[in-house]
Amino acid sequence: LVPFISMLFLTLFLLFLALFPGAFNCCTKISDEIPKGILRRVEGFEIQKADGLCHLEAVILYIEGRKFCVSPRIRKVKKWMKKNKHKIPRKKPHGRKQRSSKIIKKKDKKH
């Protein structure tokens, strides 16, 4: 009976993860202040809405592989997002970076 209950719990948990993939990626706390100069180091950002699974409105800033949750009502953050919306990707790219390949032109050899 115990293995059956354990397997049932695991199955339900995996089903929950499949149906709600962002459930464990929500900001649960936000900062109402942002340290001086931190916005210069942001590599990407996304906006978390207070609907669906995430019940808190937030701006998620990605800096050096870490995520920082801040209030979208901070004046500095609003101004920064408006100014940088085209320069910085809204969401940090996932997966491996593609290598840039050089195109080498072959010189025509004339004999």
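Throughout what follows, the structure given in this document is the object of discussion. Only a predicted model underlies this, so the values are computations on that prediction, with no experimental measurement involved. (Residues numbered from 1 in each chain as written. Predicted model: local features only at pLDDT ≥ 70, side-chain atom pairs only at ≥ 80, totals over all residues. Heavy atoms only, no water.)

Check the secondary structure of the protein and you find two helices and three strands. In the protein, the succession of α and β elements from N to C terminus is α-β-β-β-α. Across the 111 residues of the protein, 24% fall into the buried class. In the protein, once contacts between residues fewer than 6 apart in sequence are set aside, the share between residues at least 24 apart is 49%. Of the roughly 10,300 Å² of accessible surface on the protein, a fraction of 59% belongs to carbon and sulfur atoms. (Helix = DSSP H or I, 4+ residues; strand = E, 2+ residues; numbered from the N terminus. Buried < 20%, exposed > 50% of the residue type's maximum accessible area, 1.4 Å probe, protein only. Contact = heavy atoms within 4.5 Å. Areas by Shrake-Rupley, 256 points an atom, 1.4 Å probe, with all protein chains shown as cover.)

Turning to the layout of surface pockets, a few remarks are in order. Of the voids in this model, the largest pocket is the one considered here, and its volume is about 260 Å³. Along the walls of the largest pocket sit 13 residues, with Gly37, Leu39, Arg40, Lys76 and Trp80 positioned nearest its centre. When the residues that make up the lining of the largest pocket are grouped by side-chain class, the tally is six nonpolar, one polar and six charged. (1 Å grid on protein atoms, 1.4 Å probe; cavity = no way out; pocket = protein on both sides within 12 Å on 5 of 7 lines; lining within 4 Å. Points joined across faces, edges and corners; volume = space filled by probe spheres on them. Nonpolar A, V, L, I, M, F, W, Y, C, P; charged D, E, K, R; others polar.)

Okay, the pairing of strand β3 (residues 66-70) next. Inspection of the sheet shows strand β2 (residues 58-63) paired to β3 by five bridges, in the antiparallel sense. Within β3, the position partnered with Tyr62 by the bridge is Lys67. Linking β2 to β3, which pair antiparallel, is a turn of two residues; within it Glu64 sits at a positive phi near 50 degrees. (Pairing = 2+ DSSP bridges.)

Note that all results are geometric; they support no functional claim without further evidence.
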